[in-house]
Amino acid sequence: MESVNDYYSAIQLRSDRWSALREATEALTLGGSERQMLKLRERVQALLDSLSVIEPYWAFPGMAAFEHMRRQFEHGSYDDLSYTTHRILRALTTGAYRRRHIPLDRDSLEPDENDDEAMLSPEARALTKPYFEVMIVDQVNEQQERWLKHNMERMRRPEDPFLYESVVVSSLEDALMGVLFNHNIQAIVVRPGLTLRSKFNMPLLKRYLAGAGGQDDLKGIDPHNYGPELCRLVAEVRPELDAYLVTDRSVEDIAGLDLGICRRVFYNQEDFMELHLNILRGVQSRYKTPFFTALTEYSKQPTGVFHAMPISRGKSITRSHWIQDMGAFYGPNIFLAETSATSGGLDSLLEPHGPIKQAQELAARAFGSKQTFFATNGTSTCNKIVVQALIRPGDIVLVDRDCHKSHHYGMVLAGAQVSYLDSYPLDEFSMYGAVPIKEIKHRLLELKAAGKLDRVRMLLLTNCTFDGIVYNVERIMEECLAIKPDLIFLWDEAWFAFARFNPTYRHRTAMNAANTLRVRLRSDEHAAAYERQQAELKDADDETLLNTRLIPPPTARVRTYATQSTHKTLTALRQGSMIHVNDQDFKGEVEQSFHEAYMTHTSTSPNYQIIASLDVGRRQVELEGFEFVQRQVEAAMAMRRAIGTHPLLQKYFKVLTAGDMIPSEYRESGVSAYYSTDQGWTEIWDAWERDEFVLDATRVTLAVGGTGWDGDTFKTDILMDRYGIQINKTSRNTVLFMTNIGTTRSSVAYLIEVLVEIAKELDDLIDDASRMEKLSFERRVKGLMEDLPPLPDFSRFHDAFRADNGTPEGDIRSAFFLAYGEENCDYLELNGSLKAAMERGEEIVSASFIIPYPPGFPILVPGQVISNEILDFMRALDVNEIHGYRPDLGLRVFTQEALDKHAGTGLSHAAE
Ligand SMILES: Cc1ncc(COP(=O)(O)O)c(C=O)c1O
């Protein structure tokens, strides 16, 4: 039996233990020598013992059935035991227990072995009632437990929209472990008898407690408050759940307490029907999808179409002689659901009052924002909307230079004074990390010293980065607000929508941090801490400020925006994105300009299917986001472990760890890898709580330089062409495997198989290679692993585009439009005229964005002076990989006359 320490997750442990039990019980039925049987019995005993601390948290098969199995074992009824185990495992893997009662004894009717969820047609699956589990927390004996469950079951009515089973645990600890382990739980009923500690000692589950606030924190809870405290603690780890508190205390006693996710308190009453109806209503409020439902209803109504949209109702297709295949491929529903906003009947995205508005409000609840806006053309558009809504020409914006191109274009459109921040470089992998807090504070202090702080409007960062570097969002906002208390934050969470649905990841999302900060800023403890720090820092110099964790004033404003490509990490059609707002001044200051910006960038013909998919995607995460993200993290962890421990794979590949991708000065916890062969799994909570940067485990960067292929060749020629494996990001010597909420254990297994096959082929190739061939291979590997040009920093904007020499911000907009005039530009060749001009000491200024791939971000923006480092970097790359560079002409730069003339117009100072 694999040791518990080999498991990252209790879910995998559970399913593996049941499989092992099935095998062992089947072997028992076959018989054998006395010694063999003894060994088998020991094994079954050990497996049953191991499962006995796991099963109390699940409704199926339930402890009664489990105890029955133990008795079968003790009485030597191996055939019965084997049959029961087989049935349970089958029901667990097919999900049949969610749809019907599973008979476990051999006399019952032979069940349908094909009752596999995956075998049912989508229509049949849509007709089955969704299933969930309710956790009842109370210290009860066996008989009372039966009574409780029986009473809950008695309340079922044929018209109920969902089916649920209950599971009873006795303590606060068990309840916390239960909601983190059993993803079927959607509601929890907290009764007065609960105790504090669990009687089980299961280290793997106890680990979950650490992430739920820590066992030690539970010590000080007043026994009177176990119930309310549990509701509060569950709210921190699974805020989407509903809790119902049954209490024998008075209304006044309970009124002042923080009850977290509690939807309703029952005072001293056993009204099971009321409880049942509340539980169903609670789940229904997450299940409902106002827009998707309205759209399906609309598609069923007969309508005559007299607007300009021939595809609506499929009319232009059904009447066609030539495009029938399109109709056959998509089926009729999509066309029945196509309509135009102007034709009425459904809500309008541009002015929502009905189901779209409601769908957005539900999304705001799910993602923890104050307002949420849907977008049907991707986060590229969301970013431009937010930037335009908040930035006035001349406002200073601090932005990571390796941000997505939509931000650079957003800055151009808004006329921002852009102050680029450099991420720490990872030269050996040709990729950037993220921007250290010191760099951001330094820039703000510099602007403060120059008397420009009032013009600084926004800090814009990408979280997480494409490669999976995650910021400490709360810390950044706190420390920046300490210097500039009304700074606006735009977090580009294009890749991070899923993060909200995992308790550990959630802490590093913009909306969660904003909500935490709002509460903290109002607290007396915070005010006192602020006063204390102010006294300490009275005459502090910048160096001290840079090295101190700064506390913002209680009067600071929380102004946070996040843009998310829902379609990248959750269920939504392509381009389905959301803007989440958590800005205390939104209503007073931004609403109107936001509306204008939204109008500027949103099509008047938004795609209704995308909007519906956002609505359904929201339903999914509120009901099963926790489960899916947990499974995703598990799959990624399994991948890390499998690649990291395979002896053959280690020869050619390496999974990059936090230690490889984040310099140690940003990892206060000292955590450098999630898994290591000698130490097993590392607790990630500590790192995620403290470190300046952490690595998103769901993105697995694999160094492939050891194979002799560069990242792009490995991606295209090997993974894609030979094995049909798709990925989308590479660097010079790495490829990025992204897991998502659809990734399964078997897809991970396939990838490992492929990597092993590639490694074997390489082994064979090298075995048979001549000395020359070997030498050439070694050279290639060295070239990919060692001879990498350093990634250049942002040099500076040319003076013609700067208001003054004091601070580095520049007017990207005027540079961008100056380049529209052909007469203002010239082309210089990288190794010829450009090199010569730089050697003569001339200042050469780029007239366009230059984006080498990798790293895929601009190393030059319009108006930027070309430095020697940038030139060296470009020359070290193959010019075919540089977007914006014309190999036939060279690099587009400004002529000296254009720069002189522009400086003379004072256009760069227009904002002042
Ligand atoms: C960091 C970041 N922001 C924004 C975007 C644009 O998102 P979308 O494809 O939804 O327009 C991307 C796309 O890759 C991205 O990586």
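Residues numbered from 1 in each chain as written. Predicted model: local features only at pLDDT ≥ 70, side-chain atom pairs only at ≥ 80, totals over all residues. Heavy atoms only, no water.

**Topic: the overall build of the protein chain**
Then step 1. For the protein chain, the count of helices and strands is 37 helices and 27 strands.
Then step 2. Computed over C-alpha atoms, the radius of gyration of the protein chain comes to 30 Å, within 12% of the 29 Å expected from 2.2 N^0.38 for 912 residues, which places it in the range of a compact globule.
Then step 3. If you line up the protein chain on its principal axes, its C-alpha atoms span 95 × 80 × 80 Å.
Then step 4. For the protein chain, the proportion of its 912 residues judged to be buried stands at 57%.
Then step 5. Accessible area of the protein chain: about 39,300 Å², with a carbon and sulfur share of 50%. (Helix = DSSP H or I, 4+ residues; strand = E, 2+ residues; numbered from the N terminus. Rg over C-alpha atoms; globule rule 2.2 N^0.38 Å. Buried < 20%, exposed > 50% of the residue type's maximum accessible area, 1.4 Å probe, protein only. Areas by Shrake-Rupley, 256 points an atom, 1.4 Å probe, with all protein chains shown as cover.)

**Things to note about the site of the ligand**
Then step 1. Around the ligand there are 13 residues in total, and Thr379, Ser380, Asp492, Ser565 and His567 lie nearest to it.
Then step 2. Thr379 places a main-chain nitrogen or oxygen 2.8 Å from an oxygen atom of the ligand.
Then step 3. Between the ligand and the protein, one listed contact pairs an oxygen atom with a side-chain N or O atom of Ser565 at 2.8 Å.
Then step 4. Expressed as a share of its isolated accessible area of 390 Å², the protein-covered part of the ligand is 84%.
Then step 5. Of all elements in the fold, only helix H17 (378-390) and helix H25 (566-569) reach the threshold of two or more residues within the shell around the ligand. (Near = heavy atom within 4 Å. Polar contact = N/O pair within 3.5 Å; in protein donor to acceptor, adjacent residues only side chain to side chain.)

**Points about helix H26 (residues 586-601)**
Then step 1. A rise of 1.5 Å per residue sets the reference length of H26, with its 16 residues, at 22 Å; its end C-alpha atoms lie only 19 Å apart and thus fall more than 12% short of the reference.
Then step 2. Within H26, the axis deviates most sharply at Gln592, by approximately 25 degrees.
Then step 3. Turning to H26, its buried residues number three or more, namely Phe586, Val590, Phe594, Ala597, Tyr598 and His601.
Then step 4. Contacts made by the buried residues of H26 are with helix H16 (355-367), strand E6 (371-375), H17, helix H18 (405-414), strand E14 (559-564) and strand E15 (577-583). (Expected span 1.5 Å × (residues − 1). Bend = angle between axes of the 7 residues up to and from the residue. Contact = heavy atoms within 4.5 Å.)

**Some points on empty space enclosed by the protein**
Then step 1. Under the criterion given, the structure shown has seven cavities of 30 Å³ or more.
Then step 2. In this structure, the second largest cavity spans a volume of roughly 80 Å³.
Then step 3. Every residue lining the second largest cavity is listed: Ile136, Leu148, Met152, Val189, Arg191, Val246, Phe266, Gln269, Glu270, Asp271, Phe272 and Leu275.
Then step 4. When residues of the lining of the second largest cavity are traced back to their parent elements, those giving at least two are helix H6 (142-154) and helix H11 (272-287).
Then step 5. Residues belonging to the lining of the second largest cavity are distributed by class as follows: eight nonpolar, one polar and three charged. (1 Å grid on protein atoms, 1.4 Å probe; cavity = no way out; pocket = protein on both sides within 12 Å on 5 of 7 lines; lining within 4 Å. Points joined across faces, edges and corners; volume = space filled by probe spheres on them. Nonpolar A, V, L, I, M, F, W, Y, C, P; charged D, E, K, R; others polar.)

**Looking at the state of the cysteines**
Then step 1. This model, assessed by the stated rule, comprises zero disulfides.
Then step 2. Take Cys464: it sits in no disulfide, and the sulfur closest to it among the cysteines is that of Cys403, at 15 Å.
Then step 3. Residue Cys464 is classed as buried on the basis of its relative accessible area of 0%.
Then step 4. With no disulfide of its own, Cys480 lies 16 Å from the sulfur of Cys403, the closest cysteine sulfur.
Then step 5. Overall, Cys480 belongs to the buried group, its relative accessible area being 0%. (Disulfide = S-S within 2.5 Å.)

**Section: the confidence of the model for the protein chain**
Then step 1. Of the residues in the protein chain, 95% have a pLDDT of 70 or more, and the chain-wide mean is 91.
Then step 2. When the criterion is pLDDT under 50, residues 908-912 qualifies, and its contacts beyond four places in sequence or with other chains add up to 12 contacts. (pLDDT = per-residue confidence, 0-100.)

**Focus on the sheet that holds strand E2 (residues 163-169)**
Then step 1. An order of E2-E1-E3-E4-E5 is seen for the five strands of this open sheet, with the pairing classed as parallel. The open sheet has two free edges, formed respectively by E2 and strand E5 (262-267), since each of these has just one partner strand. Averaged over all neighbouring strand pairs, the angle between strand axes comes to 20 degrees, with direction disregarded.
Then step 2. The pairing of strand E1 (residues 131-137) with E2 spans seven bridges and is classified as parallel. Directly across from Met135, in E2, lies its bridge partner Val167. (Pairing = 2+ DSSP bridges. Axes fitted to C-alpha atoms, helices over the stretch in contact; angles between N-to-C directions.)

**Quick notes on the packing of helix H12 (residues 290-300) against H16**
Then step 1. Closest axis-to-axis distance for the H12/H16 pair is 7 Å, and the angle between their directions is 150 degrees. Comparing the axis directions of H12 and H16 gives the class roughly antiparallel. Where H12 approaches H16, its residues Pro290, Phe291 and Ala294 are matched on the opposing element by Pro355, Ile356, Gln358, Ala359 and Leu362.
Then step 2. Tallied by class, the residues present in the contact of H12 with H16 amount to seven nonpolar, one polar and no charged. (Parallel < 35°, antiparallel > 145°, perpendicular 65-115°, else oblique.)

**Examining the sheet that holds strand E21 (residues 729-730)**
Then step 1. With respect to topology, four strands assemble into an open sheet ordered E16-E20-E22-E21, the strand pairing being antiparallel. In this open sheet, the two strands that pair with only one neighbour each are strand E16 (654-655) and E21.
Then step 2. Across two bridges, E16 lies against strand E20 (residues 699-703) in antiparallel orientation. The residue of E20 that forms the bridge with Val655 is Leu702.
Then step 3. Of the strands in this sheet, E21 and strand E22 (734-738) touch helix H31 (residues 711-723), which is tilted by about 60 degrees from E22.

**Remarks on the side chain of Asp615**
Then step 1. Positionally, Asp615 belongs in helix H27 (residues 608-645).
Then step 2. Once residues within four sequence positions are removed from consideration, Asp615 is found in contact with Thr289, Pro290, Phe291, Phe292 and Ala359.

**Describing the packing of helix H1 (residues 10-30) against helix H2 (residues 34-52)**
Then step 1. The contact between H1 and H2 brings their axes to 9 Å, and the two run at 150 degrees. With respect to each other, H1 and H2 are oriented roughly antiparallel. In this structure, H1 crosses over H2, and the sense of that crossing is left-handed. Contacts between H1 and H2 involve Arg14, Arg17, Trp18, Ala20, Leu21, Ala24, Thr25, Ala27 and Leu28 from the first element and Met37, Leu40, Arg41, Arg43, Val44, Leu47, Leu48, Ser50 and Leu51 from the second.
Then step 2. Within the contact of H1 with H2, the residues separate by chemical class into 12 nonpolar, two polar and four charged. (Left-handed = near helix turned anticlockwise from the far one by under 90°.)

**Examining the nonpolar core**
In summary, soluble globular proteins display a tendency toward joint burial of nonpolar side chains.
Then step 1. By size, the foremost hydrophobic cluster in this structure holds 131 residues, and its most contacted members are Ile440 and Leu459.
Then step 2. A per-element tally of this core places H27 first, with eight residues.
Then step 3. Listed in part, the 75 residues of the second largest apolar core include Val44, Leu47, Ala59 and Val190. (Core = buried A, V, L, I, M, F, W, Y, C linked by side-chain atoms within 4.5 Å.)

**Remarks on the pairing of strand E27 (residues 891-894)**
Then step 1. Alternating residues of E27 divide into Leu891 and Val893 and Arg892 and Phe894, and every residue in both groups is buried.
Then step 2. One ladder, built from four bridges, connects strand E24 (residues 825-828) with E27; its direction is antiparallel. Pairing of Leu828 across the sheet is with Leu891, part of E27.

**So, the pattern of salt bridges**
Then step 1. With the rule as written, the count across this model stands at 56 salt bridges.
Then step 2. Of the charged contacts in the structure, one is a salt bridge between Arg249 and Asp253, with a shortest N-O distance of 3.3 Å.
Then step 3. For the salt bridge of Arg365 with Glu622, the shortest nitrogen-to-oxygen distance reads 2.8 Å. Separated by 257 residues along the polypeptide, Arg365 in helix H16 and Glu622 in helix H27 bring together distant segments of the chain.
Then step 4. Classification of Arg365 as partly exposed rests on a relative accessible area of 39%. (Salt bridge = Lys/Arg side-chain N within 4 Å of Asp/Glu carboxyl O.)

**So, the environment of Ser867**
Then step 1. Relative to the assigned elements, Ser867 resides in the loop between strand E25 (851-852) and helix H36 (868-876).
Then step 2. Classification of Ser867 as buried rests on a relative accessible area of 15%.
Then step 3. C-alpha of Ser867 to C-alpha of Arg796: the two residues are 71 residues apart in sequence and 8.8 Å apart in space.
Then step 4. Contacts of Ser867, omitting those with residues within four sequence positions, involve Ser795 and Met838.

**Regarding the environment of Tyr471**
Then step 1. Along the chain, Tyr471 falls in strand E12 (residues 469-471).
Then step 2. The contact partners of Tyr471, leaving out residues within four places of it in the chain, are Ala434, Val435, Leu461, Thr462, Asn463, Ile476, Trp491, Arg508, Glu692 and Phe693.

**What about the side chain of Ser312?**
Then step 1. Position of Ser312 relative to the elements: it lies in the loop between H12 and helix H13 (315-318).
Then step 2. Here Ser312 falls in the buried class, since its relative accessible area comes to 1%.
Then step 3. Polar contacts involving the side chain of Ser312 include one to the main-chain carbonyl oxygen of Glu338, which spans 2.9 Å.

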